[in-house]
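What the coordinates show
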Amino acid sequence: MTKTIIIKKINDIRAKVNKYKAKGQMVGFVPTMGALHIGHESLIERARKECDIVIVSIFVNPTQFGPNEDFNKYPRQLEADSELCSKHSVDVVFAPDSKDIYPEGDATVVVSPGQYQDRLCEKSRPGHFNGVTTVVAKLFNIITPDKAYLGQKDAQQLAIIKKMVRDLNFSVEIVPCPTVRDVDGLAFSSRNKYLALEAREKALSLYRCLKKAVEDGDLEQAKSELHAEVELEYLEKVSLGEDDFIAIAAKVDGVRLIDNISMPL
Ligand code: AMP
């Protein structure tokens, strides 16, 4: 087991990465917003297997939250997250302060590609993906990883980041990792913490709906699988670059959840 070190300052992580690179070590990076769960752990394990050095970032990025979203109540648990990272022999947890990532309060925005952005989540979360690409670009520039591990759970985000890396010539290899689900089928998410037992039962109907949509190819029919109290935002077949999937977003007792299943369209 490697003792994980926590680094908060940008200059310190740069110095550390320079040392790794000088030794010829390959750096794997897992960007997260913390409240780590089994889904995150699968990304970390994959990075651990494939790279000499594993860096996990924990940063609840303010620019990807809308004004009425859950930025303030998003779970923050750096100590528990760092312990979990130690168990997986993560070398460094990079947990910067917002004032260091956004010293002037805002940043030059990396704009998400329109044809990937103007659909699915962007409709209810305008500006969300500009916040995501901006912070991921900043993190890639700070850490300069050889490989970055991203979950297919956030399929639109993954497609946008892959395109950003191609378009802006970042020298990082993006490694997509499959969605990890609980035994009942619910995709692990930091936001599952908000779900009471009853809400969790309702949330399970999202995956049922997705599976039905994949089986029958009939999206309207598949919607009948949703629990009556689930507020559907979208259920759509999409093709973003090389990624084809059926995606769903819905609110369950006020908690917004997303999920998807990849499939050739
Ligand atoms: P987040 O902390 O929610 O920003 O997620 C950080 C990374 O973990 C992203 O690349 C997500 O796609 C990935 N991730 C989140 N949940 C899961 C899951 N259930 N299975 C696989 N990857 C996940």
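Residues numbered from 1 in each chain as written. Predicted model: local features only at pLDDT ≥ 70, side-chain atom pairs only at ≥ 80, totals over all residues. Heavy atoms only, no water.

Around the ligand, a shell composed of 15 residues is seen, among which His40, Gly151, Asp154, Val180 and Phe188 lie nearest. A distance of 2.9 Å separates an oxygen atom of the ligand from a polar atom in the backbone of Gly151. In the environment of the ligand, a nitrogen atom lies 2.8 Å from a nitrogen or oxygen atom belonging to the backbone of Phe188. Its free accessible area being 490 Å², the ligand has 92% of it covered by the protein chains. Looking at the shell around the ligand, the elements that each hand over two or more residues are strand S2 (27–32), helix H2 (38–50) and strand S5 (147–151). Per-class residue counts for the shell around the ligand are 7 nonpolar, 6 polar and 2 charged. (Near = heavy atom within 4 Å. Polar contact = N/O pair within 3.5 Å; in protein donor to acceptor, adjacent residues only side chain to side chain. Areas by Shrake-Rupley, 256 points an atom, 1.4 Å probe, with all protein chains shown as cover. Helix = DSSP H or I, 4+ residues; strand = E, 2+ residues; numbered from the N terminus. Nonpolar A, V, L, I, M, F, W, Y, C, P; charged D, E, K, R; others polar.)

This part takes up the sheet that holds strand S9 (residues 255–262). Spatially, 3 strands are ordered S7-S8-S9 in an open sheet, and the strand pairing comes out antiparallel. Two strands in the sheet have a free side with no partner beyond their single neighbour: strand S7 (231–240) and S9. This sheet shows a mean twist of 15° between the axes of neighbouring strands, independent of strand direction. Two strands pair when backbone bridges link them, and S7 and strand S8 (residues 243–252) are joined in this way by 9 bridges, in the antiparallel orientation. If you follow Glu231 over to S8, its bridge partner there is Lys251. Strand contacts of helix H8 (residues 155–167): S7, S8 and S9, with the helix running at about 135° to S8, the strand carrying the most contacts. (Pairing = 2+ DSSP bridges. Axes fitted to C-alpha atoms, helices over the stretch in contact; angles between N-to-C directions. Contact = heavy atoms within 4.5 Å.)

Time to look at the pattern of salt bridges. Overall, the coordinates contain 20 salt bridges when judged by the stated rule. Of the charged contacts, one joins Lys9 and Asp100 as a salt bridge, the two residues approaching to 2.9 Å between their closest N and O atoms. Of this pair, Lys9 sits in the loop between strand S1 (5–7) and helix H1 (10–22) while Asp100 is found in helix H4 (residues 98–101), placing the two residues 91 residues apart along the sequence. Judged by its relative accessible area of 37%, Lys9 is partly exposed. (Salt bridge = Lys/Arg side-chain N within 4 Å of Asp/Glu carboxyl O. Buried < 20%, exposed > 50% of the residue type's maximum accessible area, 1.4 Å probe, protein only.)

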